[in-house]
Structure formats: C-alpha cells, structure tokens
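Here are the chains, one letter per residue:
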Amino acid sequence: MRLRGASHFRRQDRAANTFVAWLRDHPEVRVICRDRARSYRDGACAGAPQARHVADAWHLLHNLAQAVERIIGRHRVNLREPLTLRNGQDG
C-alpha cells in the first residue's frame, strides 16, 4: 500500500550520505520504512531527524524466522522424541 503523495527513495548505493542528501531534498518525509542496515539508520537520523523509523513486514518476518531457527537449533535434541501421552490423559 502506498500513501498518496508518498516519496520513494531508489538507492544508488547503501551509503549513508546518499540517503542523507535525498532526505534533505524531501523534508516532507515523516516515516521511514527500512531494514536494520547501519547506513540507513545513520542516514535517516541525519537526514530526517523528525521521521519515525519502522520495519517493513518482510524484514519482521525474516527476523522472526531467524530467531525461531536459532531456538529450534538449541533445542533440537529435546525435539527428537515424539510427544507421548500418559495413560488417562486426553489429547
């Protein structure tokens, strides 16, 4: 979903100064949807200190998947045995 009048930064590179320059040319920017790259964070803070930073859905899901993989990896030994119910317990 794009908001009416929304600006979109098409990156030439991942350098903070490129992003800063673009933001300074677009003072109307109030929300910056970005990944966790340090260059974008630094550029956003310097170029649009008034803007709120938000994560996009893809990166949120990607980060969640990585966290689940780490947890599963740590507990893999515990997950090898199937869950069995004792007599008298409902499933």
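What counts, and at which threshold
- For every chain, the first residue of its written sequence is number 1, and the numbers climb from 1 along that sequence.
- This being a predicted model, a pLDDT of at least 70 is required before a residue's local features are given, and a value of 80 or more before pairs of side-chain atoms are given or counted; all residues contribute to the totals for chains, interfaces and linings.
- Values shown for side chains rest on all heavy atoms present in the structure; no hydrogens or waters enter the calculation.
- Only Phe, Tyr and Trp rings take part, Trp by its six-membered ring, and two of them pair if their centres are within 6.5 Å. Stacked means planes under 30 degrees apart, edge-to-face means over 60, and tilted covers everything else.
- Starting at the N terminus, helices and strands are each numbered in turn, a helix being any DSSP run of H or I of at least four residues and a strand any DSSP run of E of at least two.
- Burial classification: accessible surface area is computed with a 1.4 Å probe over protein chains only, and a residue below 20% of its type maximum counts as buried, one above 50% as exposed, and the rest as partly exposed.
- Patch building starts from residues that exceed 30% relative accessible area and form no salt bridge, then joins like charges within 9 Å and nonpolar side chains (Val, Leu, Ile, Met, Phe, Trp, Tyr) within 5 Å.
- With residues, only the protein chains shown are counted as cover, and all accessible areas are computed by Shrake-Rupley using a 1.4 Å probe.
- Salt bridges are counted wherever a side-chain nitrogen of Lys or Arg sits within 4 Å of a carboxyl oxygen of Asp or Glu.
- By convention a nonpolar core is built from buried Ala, Val, Leu, Ile, Met, Phe, Trp, Tyr and Cys residues, the set being connected through side-chain atoms within 4.5 Å.
- Whether two residues are in contact is decided by their heavy atoms, any of which lying within 4.5 Å being enough.
- Only four residue types enter the tally: Lys and Arg on the positive side, Asp and Glu on the negative side, with His and both chain ends excluded.
- For the purposes of these results, a polar contact is taken to be a pair of N or O atoms within 3.5 Å, where, inside protein, one atom must be able to donate a hydrogen and its partner to accept one; residues adjacent in sequence count only when each atom of the pair is a side-chain atom.

### Looking at the packing of aromatic side chains
With the rule as written, the count across this model stands at one aromatic pair. Judged by centre distance (5.3 Å) and plane angle (70°), the rings of Phe19 and Tyr40 are edge-to-face. Remark: Tyr40 occurs in helix α2 (residues 38–47) and Phe19 occurs in helix α1 (residues 16–24); sequence separation between them is 21 residues. Accessibility assignment for this pair places Phe19 and Tyr40 in one class, buried.

### With respect to a nonpolar patch on the surface
Side chains of Leu61, Leu64, Val68, Ile72 and Leu79 sit close together on the surface and give an oily, nonpolar patch of about 470 Å² of accessible area. Assignment of secondary structure puts Leu61 in helix α3 (residues 57–74). Residue classification places Leu61 among the exposed positions, given a relative accessible area of 58%.

### Brief notes about the nonpolar core
Counting residues in hydrophobic clusters, the biggest one holds eleven residues: Phe9, Phe19, Trp22, Leu23, Val29, Ile32, Ala37, Tyr40, Ala44, Ala48 and Ala51. Within the residue set of this core, elements represented by two or more residues are α1 and α2. No other element matches the three residues that α1 contributes to this core. Ignoring sequence-local partners within four residues, the contact set of Ala51 consists of Val29, Arg30, Val31 and Ile32.

### Looking at the environment of Gly43
Looking at the element boundaries, Gly43 is found in helix α2. Remark: the alpha-carbon pair of Gly43 and Ala15, spanning 28 residues in sequence, is separated by 8.0 Å.

### Focus: the side chain of Arg34
Relative to the elements of secondary structure, Arg34 occurs in strand β1 (residues 31–34). Buried within the structure, Arg34 lacks any salt-bridge partner; its nearest side chain of opposite charge belongs to Asp35, at an N-O separation of 5.3 Å. Of the polar contacts made by the side chain of Arg34, one reaches the side chain of His53; its length is 2.9 Å. The contact partners of Arg34, leaving out residues within four places of it in the chain, are Tyr40, Arg41, His53, Val54, Ala55 and Asp56.

### Some remarks on the environment of Arg41
Along the chain, the position of Arg41 falls in helix α2. Classification of Arg41 as partly exposed rests on a relative accessible area of 34%. Aside from chain neighbours lying at most four places away, what touches Arg41 is Arg34 and His53.

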